[in-house]
Amino acid sequence: MARNGLEFGHGLCHTGQVLAERRDPTMTRRDRSIWSATGFMLGMMAGVASAQGPAAPPPSTPPPSAPAPGRTKPATPDPAFEAARTAFEALPEGERKGLQDALVWTGDYNSVVNGTFGRRSFEALQAYAKRSGGTGLPDATGRAALLREGAAARAAARFVVKPDPASGVVLGVPERVLPKRAAQPGGTRWQSADGRITLETKSSPAGETGLEAVFARVTAPSPDRRVTYKLLRPDFLVVTAETATGKSYIRYAAGEAGLRGLTLGYDKALAGEVDRLAIAIANSFVPFPDAAPAAVAAPVATAVPAPAPPPLPGTRPAPLATGLLVAPGHVLTSAVALAGCRVPLVAGQAARVGAGATADLILLETGPLAGRTAITPPVRGRGLTEGEAVAALVIDGEGGVAVAPGQAGMDQAGTGGAVGSARITAPLQPGAGGAPILDRAGAVVGLVQTVSAQPRQVAGVVPPARYGLVTGAALATFLGAAGVGGPSPRETGASGAGPQEAGTLGAAAAALAGAVVAVTCQP
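Now for a quick tour of the structure. (Residues numbered from 1 in each chain as written. Predicted model: local features only at pLDDT ≥ 70, side-chain atom pairs only at ≥ 80, totals over all residues. Heavy atoms only, no water.)

Helix and strand counts for the chain stand at 9 helices and 24 strands. Evaluated residue by residue, the chain yields a buried proportion of 50% over its 523 residues. A sequence separation of at least 24 residues applies to 64% of the contacts in the chain between residues at least 6 apart. (Helix = DSSP H or I, 4+ residues; strand = E, 2+ residues; numbered from the N terminus. Buried < 20%, exposed > 50% of the residue type's maximum accessible area, 1.4 Å probe, protein only. Contact = heavy atoms within 4.5 Å.)

Okay, the nonpolar core next. Core analysis: the largest hydrophobic core is formed by 52 residues, its most contacted members being L171, L199 and L264. The element best represented in this core is helix α7 (residues 271–284), accounting for 8 residues. With residues up to four places along the chain from it excluded, the contact list for L199 reads L171, G172, V173, L178, T188, R189, W190, L262, T263, L264 and I281. (Core = buried A, V, L, I, M, F, W, Y, C linked by side-chain atoms within 4.5 Å.)

Following the criterion strictly, the structure yields 5 aromatic pairs and no others. Measuring from centroid to centroid gives 5.1 Å for F88 and F117, while their planes differ by 45 degrees, and the two rings are tilted. Of the two residues, F88 is situated in helix α2 (residues 79–89) and F117 in the loop between α3 (93–105) and α4 (119–132); the sequence distance between them amounts to 29 residues. The pair formed by F88 and F117 is uniform in burial state, with each residue classed as buried. On the numbers, 6.5 Å between centres and 70 degrees between planes, the contact of F117 with F122 is edge-to-face. (Phe/Tyr/Trp six-rings, centres within 6.5 Å; stacked < 30°, edge-to-face > 60°.)

This brings us to the sheet that holds strand β24 (residues 516–521). Taken in spatial order, the 7 strands of this open sheet run β15-β14-β24-β12-β13-β17-β16, and their pairing is antiparallel. Edge positions in the open sheet fall to β15 (349–350) and β16 (352–353), since each of these has one partner strand only. Across the face of the sheet, helix α8 (residues 472–481) comes into contact with β12 (321–327), β13 (330–334) and β17 (361–365) while running at roughly 40 degrees to β17. (Pairing = 2+ DSSP bridges. Axes fitted to C-alpha atoms, helices over the stretch in contact; angles between N-to-C directions.)

Moving on: the sheet that holds strand β23 (residues 465–471). Pairing in this closed barrel of 6 strands is antiparallel, and the strands run β18-β19-β20-β23-β22-β21 around the ring. In this sheet, adjacent strand axes meet at a mean angle of 45 degrees when their direction is disregarded. By the bridge criterion, 4 bridges tie strand β20 (residues 422–426) to β23 in an arrangement that is antiparallel. When the sheet's bridge partners are listed, I424 is paired in β23 with Y467. α8 contacts β22 (444–448) and β23 of the sheet and is inclined by roughly 35 degrees relative to β23.

Here the focus is the pairing of β23. Across 3 bridges, the pairing between β22 and β23 is antiparallel. Of the residues in β23, the one forming a bridge with L447 is V470.

Further remarks concern α2. Along α2, the residues classified as buried are F81, A84 and F88. Buried residues of α2, viewed axially, fall in a sector of 70 degrees; they line one side. Among the exposed residues of α2, those pointing more than 90 degrees away from its buried face are P79 and T86. Against the buried residues of α2 lie α3 and α4. (Arc of directions from axis to C-beta.)

Attention shifts here to the pairing of β17. Of all 5 residues making up β17, 4 are buried, and the element is well covered by its neighbours. Inspection of the sheet shows β13 paired to β17 by 5 bridges, in the antiparallel sense. If you follow T333 over to β17, its bridge partner there is I362. The sheet contact formed by β16 and β17 spans 2 bridges and is antiparallel. By the bridge assignment, V353 is partnered in β17 with L364.

Our next topic: the pattern of salt bridges. Tallied over the entire structure, the rule returns 19 salt bridges. Notably, a salt bridge pairs E200 with K202, separated by 3.5 Å at the nearest N-O pair. The class for E200 is buried, based on a relative accessible area of 2%. Put simply, E386 and R423 hold a salt bridge, and the shortest N to O gap is 2.8 Å. (Salt bridge = Lys/Arg side-chain N within 4 Å of Asp/Glu carboxyl O.)

Even without being glycine, R158 reaches a positive phi, approximately 50 degrees. Counting through the fold element by element, R158 comes out in the loop between α5 (140–157) and β3 (159–164). According to the relative accessible area criterion, R158 is buried, its value standing at 11%.

These results come straight from atomic positions and should not be treated as a statement about function.
Dropping the structure here:
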């Protein structure tokens, strides 16, 4: 089947070599797979940062002569590299991964997001610093700006990491770029509106075929395509190819459940934008989530909130509030956000306000909600720490789920709110009332009370502002009274999660995104 000038079933003949961030024996199998899939793939594309080192010469080229014995000199340490490495490795792992992910989204980094510092990370930081007027590893303010820029680019693409039930994989999909979705045998297909970008997941049961057979098929000679990279290992394969007008990336993994993979094809004219999406997709891909550690979802800014882009115009009714499907047929949301609405709608169907509603919280009773999975999340009753990094999961104007990173705290005298009341400072769009607020451990710490239908904008962008919260303690009491109880989060002390327990806001958001729904009001 030909798409974007490519046929996913064929390929050509050239082998390249990928150089790892480090020849680190602790690098996981998944890291090596992503590194193989992304480092060389984007290294050979025009306009992409140079690779860690020189690629291996083609087979027809004789290897360079070895230096005469005794003449080899030890490499001279690079003071700038060593200083950046020391500073980078002193940061928490979550922040290191967050910086690498942000650099992917700024177009400066084309390798695996694993928190390990190497030449690619160094060159990416140098490129970003040169463009932003800094030098080397940015200071705390500069790192926050980088995280904010990466989160904004991620949100602009509406990049969501979630399971694909049809194939069994977990991967990130830029839903704003690929709005068309269709089922296919053993997987799912996403496409851009004009059909110039196609992302597919594929799977086959154990015993039906093997990696070697797939590898032979996708690298078979063809006069119209050229294989630019191919790699076959016992447990995975990666093949990239191009035609006169298109590029493709193919990746499969083998496990006890069979083969699972993805293919990405796109018009060469779109390479400047799609190349970094390919890196983000490759980093998010987990072929067997039940048999391996969960994929690290690309982290969002954890210290300074990022402005969410305004929603594109569409035909969907504007969301009045955001709801959380905490049990089958039961959606938790803010009573304040729904004030004045006589007939709330969830996914287009009328919902009934359940018994036990309070001035702050209500449970909407609905029928089955297609495409959404009920999740009873852990609720943290412990109070918020001033300046604590949190994230709001909100419904955007297109009906998708967006992540709005922010800071939580308690209002003090003179801040304009009730003394001691919980609040979040974040760039929230209309419809964010009722949005769950998550900490890094994935626990719900509160719910946004309400957001103005006409928030203040600066140059067309909603800036960060303070919004009141229904606390986690109030949520736990309300859900307990309604008979909906989730697992208790592991408490780690008054100051929040410790270094060993801390996760990423992106991973926490990805785990809960499938339960977030739009609440509208019947006219």
